Amino acid sequence: MAENLNQPFEESAMNKEEKRKLNREQRIQVIAFAFMIGITILAFLAVGAEGIPTIFTTPFILLLALVQLIIQLYYFMHLKDKDHGWPSSFMISGLVLAAPMIVALIMLLGVVKY
Amino acid sequence: MVSEATNTRKKSVLWDWLTTVDHKKIAILYLIAGTLFFVKAGLMAVLFRIQLIAPEMEFISGQTFNELVTMHGTLMLFLAVTPLFFAFANYVLPLQIGARDVAFPFVNALGFWLFLSGGILLSISWFFGGAPDAGWTSYVPLASREFGGIGIDFYVLGLQISGFGTLISAINFIVTIINMRAPGMTMMRLPLFCWTMLITSMLIVFAFTPLAAGLLLLMLDRVFDAQFFIPGEGGNVVLWQHIFWIFGHPEVYILVMPAFGIISEVVPAFSKKRLFGYTSMVFAVLIIGFLSFMVWMHHMFTVGVGPIANSVFAIATMTIAVPTGIKVFNWLFTMWGGKLRFTTAMHFAASFVPTFVLGGVTGVMLAMAPVDHLYHDTYFVVAHFHYIIVGGIVLGLLAGLFYWYPKMFGHKLNETLGIIFFWVFYIGFHLTFFIQHILGLIGMPRRVYTFLEGQGMDTMNFISTIGAFMMSVAIIILVINIIYSALKAERVTEKDPWDARTLEWSTNTPIPEYNFAQTPQVRSLDPLFYEKIHGNGEMKPAEPLDDIHMPNGSILPFIMSIGMFIGGFGFISFHMDLFISPYVLIAIGGITFFGGMAARSLQNDYGYNIEKETVESMEKELS
């Protein structure tokens with residue numbers, strides 16, 4: 001076994017199905033990446049362009065950030081894939097616990113700086 | 001022994017315990033360390049109870065009183081109860097799910113040594129200008145550089161380091177429970193102790209992170225002159241209270257949940273009935289875990305956050321009574337109609353139920369925001385949380401101790417001494433703390449080192465202190481019991497001395513280092529009991545007998561913890577006159593710690609194999 005390792009492989013060990021899946025995954029990664037660059041440009045435009053009121057910009061950027069976060073976690077860090085149920089549920093319960101705390105802290109302390 | 005033939009050379013006992021990564025040995029290390037801190041914290045309580053035995057006593061000074069109270073609380077919550085539960089969890093949890101070890105044995109050892117070095121760092125504060133004295137909550141501004149002594153630096157760094165240990169142990173438990181269950185052990189067949197440890201570990205992961213953040217902010221304030229908590233410089237003191245209680249309230253449940261688990265194991269075993277309402281128990285634990293995060297504000301009703309916030313958090317707090325009630329009734333229904341055997345463990349488990357309910361009832365009283373203004377900072381609060389912590393958690397711990405003792409040490413504790421211990425402890429506990437409800441209602445404030453004569457508090461404080469003495473006597477009886485049983489008691493050689501129900505009782509006593517020669521096949525909830533009814537009383541193997549792969553021991557966790565200790569001490573010594581510069585200490589600590597990490601990453605440690613023949617001969621020898 002070990003002495004064969006330094007010889008070049010003639011063809012991939014993957015079968016057709018695996019190759020197809022890999023290609024598909026690659027395509028999803030590229031599309032997601034392009035999409036993320038797209039919404040980043042949108043965010044810059046929203047801030048930079050004249051005529052767009054701040055009252056619109058702030059929630060809009062936050063929304064884009066949320067989308068970015070979801071794509072990052074689920075597509076780039078593979079939470080969408082099989083056997084990621086436990087990590088997913090931990091992430092979600094972390095969010096469920098942390099979100100009300102942050103909201104409550106901001107409201108209760110009355111200190112809002114941005 | 002045959003095992004040493006395969007395991008290179010024979011090691012010295014001390015070296016073996018310093019380098020061990022075996023979950024059973026780490027459990028015993030946790031047990032010893034936790035007991036030492038427990039006794040230490042208990043002695044502190046006796047000291048300040050003596051100070052309060054009569055009006056205007058001058059047994060200790062007010063400063064010492066503050067230090068004792070602070071250290072009593074901090075040690076009990078962080079360094080006594082948590083590690084004692086971790087001891088049981090480390091020992092029992094892999095056995096209950098049919099695993100050979102926890103998921104990351106090296107990390108498990110690191111968790112213990114970090115916890116211990118943090119605990120020692122906290123304890124040596126007595127020798128460097130006084131212990132922390134701002135209460136276990138360390139509220140700012142009392143704990144700020146301006147008002148708080150050097151002890152608080154020890155509090156911050158010591159808890160930070162032992163918190164790292166707790167955090168990584170918790171992650172280890174989560175991974176173990178999720179990934180290492182035996183075939184057939186679905187989540188809904190998990191013994192309740194494993195469920196509660198899983199939820200506890202999740203709570204630790206989500207609650208110790210805010211604590212670490214808060215402690216870091218306090219450290220920046222104190223050591224590096226930041227101003228997060230200094231109002232004059234734009235900081236906010238209430239922020240500390242929020243961060244602390246976001247951690248601090250779940251912490252109560254981190255402590256009490258494993259006790260729920262132990263009671264849920266002990267009660268069915270000695271009632272000879274399966275746990276009533278298993279599914280509802282699991283969901284009750286989940287709901288309690290979730291709600292425990294949403295109620296932190298009830299510690300701060302009198303801060304002045306406004307009626308709406310107070311109402312919301314008061315209602316959320318009272319909601320916790322619902323799942324807790326489900327659990328209490330399930331325990332009662334388990335005992336109802338069961339074939340009860342009142343062993344010492346069952347004494348503790350059965351008395352846990354009403355005592356814990358008493359603590360819960362006063363909890364609902366405290367949850368009513370308007371009335372809380374009356375109770376706040378009185379002995380009523382002290383009485384309430386000691387009913388939860390002693391009447392709930394410590395009784396649970398002692399039930400677990402008597403229940404698992406034969407599996408851990410190969411002999412039972414003496415039952416007669418055990419029952420005497422139980423009654424002395426139980427009566428002493430009620431004497432100490434029941435009367436404190438009334439003391440609180442007539443207005444005795446907590447954390448005050450003396451009181452005046454003729455306010456109607458003399459007799460009640462006297463009774464309370466006598467109760468504290470009784471609890472100390474009880475602990476001495478327990479120590480006598482442990483020594484007596486170790487010398488005189490008959491060795492337990494059978495696998496299952498209690499006629500119990502779960503997998504840990506299907507292993508040989510003493511347990512070989514690999515736990516199970518063959519992973520068991522689980523066919524039901526309470527798998528061992530199922531096999532007793534439907535099979536031949538032995539677990540069926542799920543795999544053929546084969547070589548068993550075990551991890552090697554390592555000294556690195558110990559060395560890394562020493563690095564953390566030195567580094568932590570370095571941060572504290574910024575405000576001390578030492579012969580050595582703090583930067584040097586921090587550098588030494590950092591190099592030791594990260595050097596240990598690098599050594600671990602670079603070495604190729606494949607562990608060792610116990611051969612099939614060795615396993616066979618060991619199994620024959622034991623059974």
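An unreviewed UniProt entry annotates chain B as Cytochrome c oxidase subunit 1 originating from Salicibibacter kimchii. Recorded in UniProt for chain B, the comment headed Sequence similarities (unreviewed entry) runs: "Belongs to the heme-copper respiratory oxidase family." The annotation that UniProt attaches to chain B under Pathway (unreviewed entry) is "Energy metabolism; oxidative phosphorylation."

Chain A is annotated in an unreviewed UniProt entry as Cytochrome-c oxidase of Salicibibacter kimchii.

Visitor: How do you make sense of the overall build of chain A when you look at a structure like this?
Guide: Tallying secondary structure elements over chain A gives three helices and zero strands in all. For chain A, the sequential pattern of α-helices and β-strands runs α-α-α. Since a compact globule built from 114 residues should have a radius of gyration of about 13 Å, the 22 Å found for chain A marks it as more spread out than a globular shape. When the backbone C-alpha atoms are referred to their principal axes, chain A occupies close to 70 × 35 × 25 Å. Looking at chain A alone, contacts between residues at least 24 apart form 49% of all its contacts between residues at least 6 apart.

Visitor: Quick question: what am I supposed to make of the UniProt feature "transmembrane region" (unreviewed entry) in chain A here?
Guide: Residues and elements named next belong to chain A. Sequence positions flagged by UniProt for "transmembrane region" (unreviewed entry) are, in local numbering, residues 28-49, 55-77 and 89-112. Between the C-alpha atoms that bound residues 28-49 the distance is 31 Å, and the span itself is 95% helix and 0% strand. For residues 55-77, the end-to-end C-alpha separation is 33 Å, with 96% helix and 0% strand making up the annotated structure.

Visitor: Please clarify how the interface of chain A and chain B should be interpreted in this entry.
Guide: Often the size quoted for an interface is simply the accessible area lost on bringing the parts together. Of the residues lining the interface, 13 residues belong to chain A; the matching set on chain B comes to 18 residues. A per-residue breakdown of the area chain A buries against chain B is headed by Phe90, Met101 and Leu108 of chain A, which together make up 39% of the total. In this structure, the connection of chain A to chain B is made through zero salt bridges. On inspection of chain A and its partner chain B, the count reaches zero residue pairs in polar contact (both at pLDDT 80 or more).

Visitor: Whenever I open this one, the side chain of Asp372 of chain B confuses me. Can you help?
Guide: All names here are of chain B. Looking at the element boundaries, Asp372 is found in helix α13 (residues 369-375). Of the side chains with opposite charge, Arg446 lies nearest to the buried Asp372, which makes no salt bridge, at 9.0 Å. In this structure, Asp372 is in contact with Phe301, Thr302 and Leu366, ignoring residues within four places of it in sequence.

What counts, and where the lines are drawn
- Residues numbered from 1 in each chain as written.
- Chains lettered and ligands numbered in written order.
- Predicted model: local features only at pLDDT ≥ 70, side-chain atom pairs only at ≥ 80, totals over all residues.
- Heavy atoms only, no water.
- UniProt positions renumbered as here; feature names shortened; annotations may be inferred.
- Helix = DSSP H or I, 4+ residues; strand = E, 2+ residues; numbered from the N terminus.
- Rg over C-alpha atoms; globule rule 2.2 N^0.38 Å.
- Contact = heavy atoms within 4.5 Å.
- Buried area = accessible area lost by both parts, 1.4 Å probe.
- Salt bridge = Lys/Arg side-chain N within 4 Å of Asp/Glu carboxyl O.
- Polar contact = N/O pair within 3.5 Å; in protein donor to acceptor, adjacent residues only side chain to side chain.
- Buried < 20%, exposed > 50% of the residue type's maximum accessible area, 1.4 Å probe, protein only.
- Lys, Arg positive; Asp, Glu negative; His and termini not counted.

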